Amino acid sequence: MNHKKQIFTYRLCLVLIGLVGVAINTELKPAMFLYYTTLSNVLCIVYFAFALTQSGKALNQNLKGAVTLAITVTMLIYWGVLAPYSFHMTSTLAYCGTYMVHLIVPLMTIFDWFFFDQKGRFSKKAPLYWLLIPLVYYGFTVIAAQFQIVYPLTGKHYPYFFIDANMIGWGMVAAYVLGLTLFFLFFGYGFYWLDKKLAK
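Residues numbered from 1 in each chain as written. Predicted model: local features only at pLDDT ≥ 70, side-chain atom pairs only at ≥ 80, totals over all residues. Heavy atoms only, no water.

**Student:** In this structure, what is going on with the overall build of the protein chain? I would like to understand it.
**Tutor:** Each helix and strand counted, the protein chain has seven helices and zero strands in total. When the helices and strands of the protein chain are placed in sequence order, the string is α-α-α-α-α-α-α. Its C-alpha radius of gyration of 17 Å places the protein chain within 12% of the 16 Å reference for a compact globule of 200 residues. Its C-alpha atoms give the protein chain principal-axis dimensions of about 55 × 40 × 30 Å. Considering the protein chain as a whole, with its 200 residues, one finds that 40% of them fall into the buried category. Long-range pairs, those at least 24 residues apart, make up 70% of the contacts in the protein chain between residues at least 6 apart in sequence. (Helix = DSSP H or I, 4+ residues; strand = E, 2+ residues; numbered from the N terminus. Rg over C-alpha atoms; globule rule 2.2 N^0.38 Å. Buried < 20%, exposed > 50% of the residue type's maximum accessible area, 1.4 Å probe, protein only. Contact = heavy atoms within 4.5 Å.)

Set out below in structure tokens:
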């Protein structure tokens, strides 16, 4: 199998795993698509499905970086913050769905960049732009809460406890959001630095 076919097969597997994982994790309930986990996985699915149609053509690396950081946020936040409070699955199928969207798709996305992408093509300001995805999502949750949207996993107006102003107050939410923003800005520039190093 030549290199292009290897990449195509790998990305096809990523898309299929993403589709199955999202289907299991959401049970295809519309409200479940309001979660960052689902949206970041859908972003990966759309990106790599589009990549499959490009026959090996070089894609915009800054966009690839945004997708990679978005799904990495999903993985790190889930396993580092949410899993200790929410990792109680009711079936083997639910376990599979959780691992697919919170671990397998994120790792496959990272590995795709590591093994297949030409390095050194991120712009210096790219990590700043990559923050737009999680920050826009946070803005969406604040607006949605004003319309009394209820998230099915919590039964509350916010999807995650660390941005639930009704539970922990705006001061703590601001601290969490600022801390996470700085952490992922640092992480984004670490990603940028590693990409530059690998280019050499």
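**Student:** Just to check I follow, could you spell out a nonpolar patch on the surface for this structure?
**Tutor:** Taken together, the side chains of Phe111, Phe114, Phe115, Trp193, Leu194 and Leu198 define a hydrophobic patch exposed on the protein surface, amounting to about 610 Å² of accessible area. Its relative accessible area of 40% is what places Phe114 among the partly exposed residues. (Patch = residues over 30% accessible without salt bridge, like charges linked within 9 Å, V, L, I, M, F, W, Y side chains within 5 Å. Areas by Shrake-Rupley, 256 points an atom, 1.4 Å probe, with all protein chains shown as cover. Salt bridge = Lys/Arg side-chain N within 4 Å of Asp/Glu carboxyl O.)

**Student:** Sorry, what's going on with empty space enclosed by the protein here?
**Tutor:** Gaps left between atoms are located by rolling a probe of water-molecule size over the structure's atoms. Applying the stated criterion across every chain yields a total of one cavity of 30 Å³ or more. As a volume, the largest cavity reaches approximately 330 Å³. Forming the walls of the largest cavity are 19 residues, and the residues nearest its centre are Val73, Ile77, Pro134, Phe162 and Leu180. Within the residue set of the lining of the largest cavity, elements represented by two or more residues are α2 (36–52), α3 (61–86), α6 (132–146) and α7 (165–199). Sorting elements by how many residues they give to the lining of the largest cavity places α3 first, with five residues. The residue inventory of the lining of the largest cavity, partitioned by class, reads 16 nonpolar, three polar and no charged. (1 Å grid on protein atoms, 1.4 Å probe; cavity = no way out; pocket = protein on both sides within 12 Å on 5 of 7 lines; lining within 4 Å. Points joined across faces, edges and corners; volume = space filled by probe spheres on them. Nonpolar A, V, L, I, M, F, W, Y, C, P; charged D, E, K, R; others polar.)

**Student:** I would appreciate a short explanation of the nonpolar core in the present structure.
**Tutor:** Nonpolar side chains tend toward joint burial in soluble globular proteins. Residues Trp130 and Tyr160 are the most contacted members of the largest nonpolar core, which totals 31 residues. Secondary structure elements with two or more residues in this core: α3, α5 (126–130), α6 and α7. Ranked by the residues each element gives to this core, the list is headed by α3, at eight residues. Here Tyr160 is in contact with Tyr35, Tyr36, Thr37, Leu82 and Tyr137, once residues within four sequence places are set aside. (Core = buried A, V, L, I, M, F, W, Y, C linked by side-chain atoms within 4.5 Å.)

**Student:** Looking at this structure, how should I read the packing of aromatic side chains?
**Tutor:** A ring pair, where both rings are aromatic, is described by two values, the distance of the centres and the angle of the planes. Applying the stated criterion across every chain yields a total of 23 aromatic pairs. Seen from their ring centres, Tyr10 and Phe116 are 5.2 Å apart, and the 75° between their planes marks the pair as edge-to-face. Of the two residues, Tyr10 is situated in helix α1 (residues 3–26) and Phe116 in helix α4 (residues 92–116); the sequence distance between them amounts to 106 residues. With a relative accessible area of 21%, Phe116 lands in the partly exposed category. A ring pair is formed by Tyr160 and Phe162, whose centres lie 5.7 Å apart and whose planes are at 5°; its orientation type is stacked. Phe162 matches Tyr160 in its accessibility class, with the two residues each being buried. For the cation-ring pair, Lys119 lies above Trp113, with the distance from its terminal atom to the ring centre recorded as 5.4 Å. (Phe/Tyr/Trp six-rings, centres within 6.5 Å; stacked < 30°, edge-to-face > 60°. Lys NZ or Arg CZ within 6 Å of the ring centre and 35° of its normal.)

**Student:** Help me understand the environment of Leu28 in this model?
**Tutor:** By the element assignment, Leu28 lies in the loop between α1 and α2. Residue contacts for Leu28: discarding those within four places in its chain leaves Ala23 and Phe33.

**Student:** Looking at this structure, how should I read the pattern of salt bridges?
**Tutor:** Oppositely charged side chains may form a pair once their charged atoms are brought near each other. Applying the stated criterion across every chain, the model contains five salt bridges. Of the charged contacts in the structure, one is a salt bridge between Asp112 and Arg11, with a shortest N-O distance of 2.8 Å. A residue pair is termed long-range when its members are at least 10 positions apart, and Asp112 in helix α4 and Arg11 in helix α1 qualify at 101 residues. Residue Lys64 pairs with Asp117 through a salt bridge whose shortest N-O separation is 2.6 Å. Remark: Asp117 occurs in the loop between α4 and α5 and Lys64 occurs in helix α3; sequence separation between them is 53 residues. With a relative accessible area of 11%, Asp117 lands in the buried category. Among the charged side chains, a network of salt bridges with common partners joins Arg11, Lys64, Asp112 and Asp117.

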